[in-house]
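Residues per chain, in single letters:
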Amino acid sequence: MIQKPRGTRDFLPDEMEARRNTETKMREAVRRWGYREVCTPEFEDLELFTLRSGEGIMQEMYVFEDKGGRKLALRPEITAAVIRMYINEAKVAPKPLRWCYFADCFRYERPQKGRYRQFWQFGAELIGADTAIADAEVIMLAADALNATGVTWDLKVGHLAFMKNLLKDLESSAQRRVMAHLDKKDFEGLKATLADMSKADLGESLTALVECRTLGEAFEIAGMIPEKERVEQMTGILDASGVTYSLNFGIARGLDYYTGMVFEGFAHNLGAENQIVGGGAYRLAHLFGGDDVASSGFAIGFDRVMVSLGDVQPKKNTIVGIVCTNEGRTFALSVARAFRAEGIRAEMDLMERGLGAQMAHASKSADFAVVIGGREAEAGQVTLKNLHSGEQKTLSPAVAIAEVKAHGAR
RNA sequence: GCCAGGGUAGGGUAGUCUGGUUAUCCUAAGGGGCUGUGGAUCCCUCGACCCGGGUUCAAAUCUCGGCCCUGGCCCCA
């Protein structure tokens with residue numbers, strides 16, 4: 001027996017319904033903010049991803065060569081591709097651009113709870129706006145999209161300017177090492193690294209910055225920063241908009257391309273892999289040969305949202321089982337068409353079963369049975385049976401459709 | 001890449017320590033009987049010991065390797 005590849009999943013109809021349901025909620029949330037969907041290729045030039053994230057990530061990518069000898073990779077994320085597309089196709093479009101996407105990505109990693117080798121990201125990118133309100137919009141948008149799904153989570157918002165100010169005398173490679181420690185809250189390692197650099201005095205203020213939870217404290221620790229006003233404006237907008245968040249200046253998210261605002265979200269009921277969203281303001285376009293446009297965005301780990309939501313029964317549409325005898329079949333086919341034309345799921349027997357067996361089958365899956373035998377066919381009527389209550393009455397097809405419609409989704 | 005626990009009909013289980021025809025209630029599926037009104041009942045069928053090597057007269061069981069699953073570490077663009 002052929003098994004599916006490691007880290008991939010099959011989705012049966014019930015699960016797909018639940019996934020589409022959640023997906024639709026997120027789509028609808030961002031649509032209301034004016035974000036429109038884009039789509040990029042499933043695979044890209046390998047360089048697109050190594051330019052952004054370094055050669056090291058090749059270990060965790062699906063890399064292959066096509067028949068023309070091109071080095072390609074299955075996309076491990078979407079942001080780089082969206083920015084590439086912006087440079088290729090939409091550089092002169094009026095700013096700002098509000099784009100969203102829902103797409104599968106691939107990473108060659110050890111599967112765990114909420115981590116798969118093929119996984120789906122729902123995200124948005126805001127291109128060409130470099131203001132406090134733009135920063136705030138991306139955060140509020142992410143919060144809206146996640147809250148729409150019903151998942152419970154915590155939002156942590158930070159800004160890189162504070163940490164960068166403390167580290168401004170360090171080489172960029174040294175900065176990166178320090179940031180990595182802070183991102184992990186690895187204060188022991190931080191101490192050692194700083195000692196190596198003979199910058200031990202930084203340890204205390206860095207630790208205090210990571211631990212502090214108010215803007216005032218952060219300014220005190222990090223000193224005056226040029227972005228002060230922008231950060232204050234952004235948090236002001238968030239506060240006025242009723243977004244629930246906590247400040248956290250230890251969020252690093254890779255110093256290379258994130259430039260200012262950064263944020264992360266964590267689901268309440270997941271295991272080790274509980275981050276369900278990450279985002280921030282970044283500059284990437286210049287890496288791919290474009291202008292140095294300011295962008296911001298986020299990506300939601302869709303599969304983790306689904307794990308966090310657990311087994312929720314998707315709303316089912318009313319199903320009608322058409323039950324007929326041989327004499328009634330021709331009329332039954334036209335009645336089935338009429339139900340479908342009105343948007344109602346109608347299923348007919350395909351197994352050449354007898355009336356009782358058809359009933360038995362319908363009662364397992366459907367809400368109503370529409371019985372059509374010789375008598376009904378002759379009279380141009382149907383017998384509508386409510387399979388939940390057991391009531392049945394003989395009606396014209398149009399009235400039967402109206403009754404089923406009135407019943408609504410269960 | 002590392003650690004722990006797992007893998008037995010479509011789903012759920014017992015059996016593994018102590019090798020000896022595997023099995024089960026439930027459930028699902030297919031067929032039949034019956035049938036102008038349903039989840040019933042009766043009968044039948046289908047269906048698995050993750051894969052491969054080793055030990056053995058004999059392996060679901062012991063042993064080695066692999067694959068996969070679950071969780072954790074690492075990583076997380």
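Residues numbered from 1 in each chain as written. Chains lettered and ligands numbered in written order. Predicted model: local features only at pLDDT ≥ 70, side-chain atom pairs only at ≥ 80, totals over all residues. Heavy atoms only, no water.

Describe the packing of helix H1 (residues 13–31) against helix H4 (residues 132–149), and please don't skip the residues or the numbers.
Taken N-terminus to C-terminus, the directions of H1 and H4 make an angle of 145°; their axes are 8 Å apart at the nearest point. Both H1 and H4 take part in a crossing whose hand is right-handed. Touching Thr22, Lys25, Met26, Ala29 and Val30 of H1 are Leu141, Asp144, Ala145, Ala148 and Thr149, all from H4. A breakdown of the residues in the contact of H1 with H4 according to their chemical character gives six nonpolar, two polar and two charged. (Axes fitted to C-alpha atoms, helices over the stretch in contact; angles between N-to-C directions. Helix = DSSP H or I, 4+ residues; strand = E, 2+ residues; numbered from the N terminus. Left-handed = near helix turned anticlockwise from the far one by under 90°. Contact = heavy atoms within 4.5 Å. Nonpolar A, V, L, I, M, F, W, Y, C, P; charged D, E, K, R; others polar.)

Before we move on, can you summarise the protein's contact with RNA strand B with the specific residues and values?
Every one of the 38 residues lining RNA strand B counts as a neighbour, but Arg6, Arg115, Ala272, Gly374 and Glu376 are closest to it. If you look at RNA strand B and keep only atoms within 4 Å of the protein, 43% of those are sugar or phosphate atoms. Contact between RNA strand B and Leu387: a base nitrogen at 2.9 Å from a main-chain N or O atom of the residue. Gln392 is positioned such that a nitrogen or oxygen atom in its side chain is 2.9 Å from a base oxygen of RNA strand B. For the surface near RNA strand B, the secondary structure elements donating two or more residues are helix H2 (46–53), helix H13 (355–365), helix H14 (374–379) and strand E15 (382–386). Sort the elements by how many residues they give to the surface near RNA strand B and H13 lands first, with six residues. Classifying every residue of the surface near RNA strand B by side-chain character gives 11 nonpolar, 11 polar and 16 charged. (Near = heavy atom within 4 Å. Polar contact = N/O pair within 3.5 Å; in protein donor to acceptor, adjacent residues only side chain to side chain.)

I'd like a description of the sheet that holds strand E4 (residues 71–74), backed by residues and values.
Taken in spatial order, the three strands of this open sheet run E2-E4-E3, and their pairing is antiparallel. This sheet does not close on itself; its edge strands, each paired only once, are strand E2 (43–45) and strand E3 (63–65). Direction aside, the axes of adjacent strands within the sheet are offset by 35° on average. For E2 and E4, the ladder comprises three bridges, and the chain directions are antiparallel. Bridging from a neighbouring strand, Phe43 pairs with Leu74 of E4. Against the sheet, H2 contacts E2, E3 and E4, and its axis sits at roughly 70° relative to E2. (Pairing = 2+ DSSP bridges.)

Outline H2, supporting the account with residue identities and numerical values.
Among the residues of H2, those classed as buried are Leu46, Leu48, Phe49, Thr50 and Arg52. Tucked inside the fold, the buried residues of H2 contact E2, E3, E4, helix H3 (79–89) and strand E9 (258–267). (Buried < 20%, exposed > 50% of the residue type's maximum accessible area, 1.4 Å probe, protein only.)

Pulling in residues and values, what's your account of the pattern of salt bridges?
In the structure shown here, the tally under the stated rule is 23 salt bridges. A salt bridge links Asp66 to Arg70; the nearest nitrogen and oxygen atoms lie 2.9 Å apart. The exposure class assigned to Asp66 is partly exposed, which follows from its relative accessible area of 23%. Here Arg115 makes a salt bridge to Glu109, at a shortest N to O gap of 3.8 Å. Here the two residues Arg115 and Glu109 agree in accessibility, since each one is buried. In the salt-bridge network here, residues are joined through shared partners; they are Asp130, Asp135, Arg230, Arg283 and Asp292. (Salt bridge = Lys/Arg side-chain N within 4 Å of Asp/Glu carboxyl O.)

Summarise the sheet that holds strand E10 (residues 275–282); cite the residues concerned and give the values.
With mixed pairing, eight strands are arranged side by side in an open sheet as E1-E5-E6-E11-E10-E9-E7-E8. Of all the strands in the sheet, the pair left with one neighbour each is strand E1 (36–37) and strand E8 (246–247). Of the strand pairs in this sheet, E10 and strand E11 (residues 295–301) are connected by six bridges, and their pairing is antiparallel. Following the sheet pairing, Gly280 is matched in E11 by Gly297. Strands strand E5 (97–106), strand E6 (118–127), E10 and E11 of the sheet are contacted by H3, whose axis makes an angle of about 135° with E5.

Break down the nonpolar core for me, citing the residues and quoting the values.
Burial of nonpolar side chains together is a common tendency in soluble globular proteins. Counting residues in each nonpolar core, the largest one holds 103 residues, and the members touching the most others are Trp99, Phe162, Val178, Leu206, Phe263, Phe298 and Ile300. Composition of this core by domain shows at least three residues from each of domain 1 (1–152 + 268–315) and domain 2 (160–248). Those residues in contact with Phe162, other than ones at most four positions away along the chain, are Leu209, Leu215, Ala218, Phe219, Ala222, Ile225, Val231 and Phe249. Listed in part, the 19 residues of the second largest apolar core include Ala332, Val335, Val370 and Ile372. (Core = buried A, V, L, I, M, F, W, Y, C linked by side-chain atoms within 4.5 Å. Domains from an automatic or database assignment.)

Lay out the domain arrangement of chain A in plain terms, naming residues and giving numbers.
Annotation of chain A at the domain level lists domain 1 (1–152 + 268–315), domain 2 (160–248) and domain 3 (319–407). Centre-to-centre separation of domain 1 and domain 3, based on C-alpha positions: 44 Å.

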